[in-house]
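Next come the chains, spelled out residue by residue.
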Amino acid sequence: MDAIGLWMFFGAFVLIFSGFPVAFSLAGTAIIFGLIGLSTGHFDALLLRAIPDRIFGTMSNFTLLAIPYFVFMGGILGKSGLAEDLLRTAGLLFGRLRGGIAVAVVLVGLLLAATTGVVAATVVTMGLISLPIMLRYGYDKGLASGVIAASGTLGQVIPPSVVLVVLGSELGVSVGDLFLGSLVPGLMLAALYVTYVIVRAALNPKLAPAMPAAELNIKPAAMALQVVRAMIPPLILIFAVLGSIFFGLATATEAGAVGALGAVLLALANRKMTRAALWEVTLSTARLTTFVIFILIGSTSFSLVFRALDGDLYMQNILANLPGGVLGFLIVTNLAIFILGFFLDFFEIAFILLPIFAPVARELGIDMIWYGILLGINLQTSFLTPPFGFSLFYLRGIAGKYLATTDIYRGVVPFIFIQIFVLVLCVAFPGLTGLRAAGP
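Residues numbered from 1 in each chain as written. Predicted model: local features only at pLDDT ≥ 70, side-chain atom pairs only at ≥ 80, totals over all residues. Heavy atoms only, no water.

**Some points on the packing of helix 9 (residues 162-171) against helix 10 (residues 175-203)**
Argument step 1. Axis separation between helix 9 and helix 10 bottoms out at 9 Å; the angle between their running directions is 130°. In terms of their interaxial angle, helix 9 and helix 10 are classed as oblique. Considering how the two elements wind past one another, helix 9 and helix 10 form a crossing that is right-handed. Counted together, Leu164, Val165, Leu167 and Gly168 of helix 9 and Val175, Leu178, Phe179 and Ser182 of helix 10 form the full contact between these two elements.
Argument step 2. Here the residues of the contact of helix 9 with helix 10 sort into 6 nonpolar, 2 polar and no charged. (Axes fitted to C-alpha atoms, helices over the stretch in contact; angles between N-to-C directions. Helix = DSSP H or I, 4+ residues; strand = E, 2+ residues; numbered from the N terminus. Parallel < 35°, antiparallel > 145°, perpendicular 65-115°, else oblique. Left-handed = near helix turned anticlockwise from the far one by under 90°. Contact = heavy atoms within 4.5 Å. Nonpolar A, V, L, I, M, F, W, Y, C, P; charged D, E, K, R; others polar.)

As structure tokens, this is what we get:
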């Protein structure tokens, strides 16, 4: 019976890598191996009655309701002109430095991460605005593309993050606690991105020259006014969303609703809210939410049959008895997630692997908040790892006339290593997340 469950696990990946949609691959695998289990007497058909209840439980999950709120908020902010104002202002502030525009991109990516958390909106906006400017001033194509793609992924670790919402739901922990614990690792990532850019520019000034002084001729008073106008709106929105969570005034879902309303008001204030923009953002939010729900339905069916065939016990027995105990488990699970990140979306990885990994982590006494933050940092790399990193797709789609695919791939490699370095630091020093590695 264990062997059937194990073959079911591999069968799902065969279908997924064959090109079938993940939701249908999981559901199809459940049907196929459910029939095999019925024929061999290892599966009770009465268990199928549990599927409607599980699907209803997914549809009524209050935590997952935060996903459409945060996605909608990100989409509206992408239409509000916020990113353009921030990039223009940050470019003027740091333009005198070698690599200053790239530093500005990281800082704007950090602020957008704390307001939108949506990779597509951030990468596309910064790519459209900052990439032509960096290339015009002679920036290396790899460095320019790498800093845009990597900065756009900061929203997957820095709250409010859709990745952390999914992890909180799957691990059964507080999303607010995940948000709070991920702040320091997220800020570390941004700081290391900036450090990397400054060091590279210092070692080889031709890679990232400063902007010409003639283009930075602005009076201090005008500069101060521009900074205030560009910075105050996102800071208010950040405080409204994250402050309401951290001070215990709202759950992540309720804060998402506050953020969505705040984004609409900000777009209205900037006179960027049109009926067409609202329809486009609403439609894209509905599409992504439907995508997530269908994967959840498929993974629920898969999980039911997989557990009925004792496949989960078999996999958990292997993981719980790895050499090295907790450290061995962390290495193997993070390595598996990192490798799958080359080929699968973070939703797919989370819904397939976490139901298997989470019980073992609890059995080993691992702090689940800490574990969730580690997985969040790891899943962030899936947006950068070729050939299917979504940040790479977004940037390639809007920068095809400026960049070759090899330029983008070459540019993101150092940032992937930075993300791995931060992951290792958080494993070695759990206090960076404000948590312990394991329970008592």
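Now that the structure has been shown, we can carry on.
**With respect to the pattern of salt bridges**
Argument step 1. Taken as a whole and judged by the stated rule, the model has 2 salt bridges.
Argument step 2. Between arginine 410 and aspartate 140 there is a salt bridge; the shortest N-O distance is 3.3 Å. On the criterion of sequence distance, the pair formed by arginine 410 in helix 19 (residues 405-428) and aspartate 140 in the loop between helix 7 (119-136) and helix 8 (141-152) is long-range, its members being 270 residues apart.
Argument step 3. Among the residues examined, arginine 410 registers a relative accessible area of 43% and is labelled partly exposed.
Argument step 4. The closest approach of N and O atoms between aspartate 407 and arginine 410, which form a salt bridge, is 3.4 Å. Remark: arginine 410 and aspartate 407 occur in helix 19; sequence separation between them is 3 residues, near one turn of the helix.
Argument step 5. Salt bridges sharing common partners tie together Asp140, Asp407 and Arg410. (Salt bridge = Lys/Arg side-chain N within 4 Å of Asp/Glu carboxyl O. Buried < 20%, exposed > 50% of the residue type's maximum accessible area, 1.4 Å probe, protein only.)

**Observations concerning the packing of aromatic side chains**
Argument step 1. This structure, assessed with the given rule, holds 10 aromatic pairs.
Argument step 2. With a centroid separation of 5.2 Å and an interplanar angle of 75°, the aromatic rings of tyrosine 196 and phenylalanine 415 are classed as edge-to-face. Taken together, the positions of tyrosine 196 in helix 10 and phenylalanine 415 in helix 19 put the pair 219 residues apart, joining distant regions of the chain.
Argument step 3. Centroid distance phenylalanine 329 to tyrosine 371: 5.7 Å. Interplanar angle 35°. Geometry classified as tilted. In this pair, phenylalanine 329 is assigned in helix 15 (residues 325-340) and tyrosine 371 in helix 17 (residues 368-380), connecting sequence segments 42 residues apart. Of the two residues examined, phenylalanine 329 and tyrosine 371, each falls in the buried class.
Argument step 4. Connected via pairs of aromatic rings, a cluster forms that spans Tyr193, Tyr196 and Phe415. (Phe/Tyr/Trp six-rings, centres within 6.5 Å; stacked < 30°, edge-to-face > 60°.)

**Quick word on helix 2 (residues 22-40)**
Argument step 1. When the terminal C-alpha atoms of helix 2 are compared, their 27 Å separation across 19 residues agrees well with the 27 Å that a helix rising 1.5 Å per residue should span.
Argument step 2. When we look at burial in helix 2, the residues that qualify are Val22, Ala23, Ser25, Leu26, Thr29, Ala30, Phe33, Gly34 and Gly37. Viewed end-on, helix 2 has its buried residues packed into an arc of 160°, placing them on one side of the element. Opposite its buried face, helix 2 presents the exposed residues Phe24, Ile31, Leu35 and Ser39, each directed more than 90 degrees away.
Argument step 3. Glycine 41 occupies a position one or two residues after helix 2 and carries a positive phi of about 80°. (Expected span 1.5 Å × (residues − 1). Arc of directions from axis to C-beta.)

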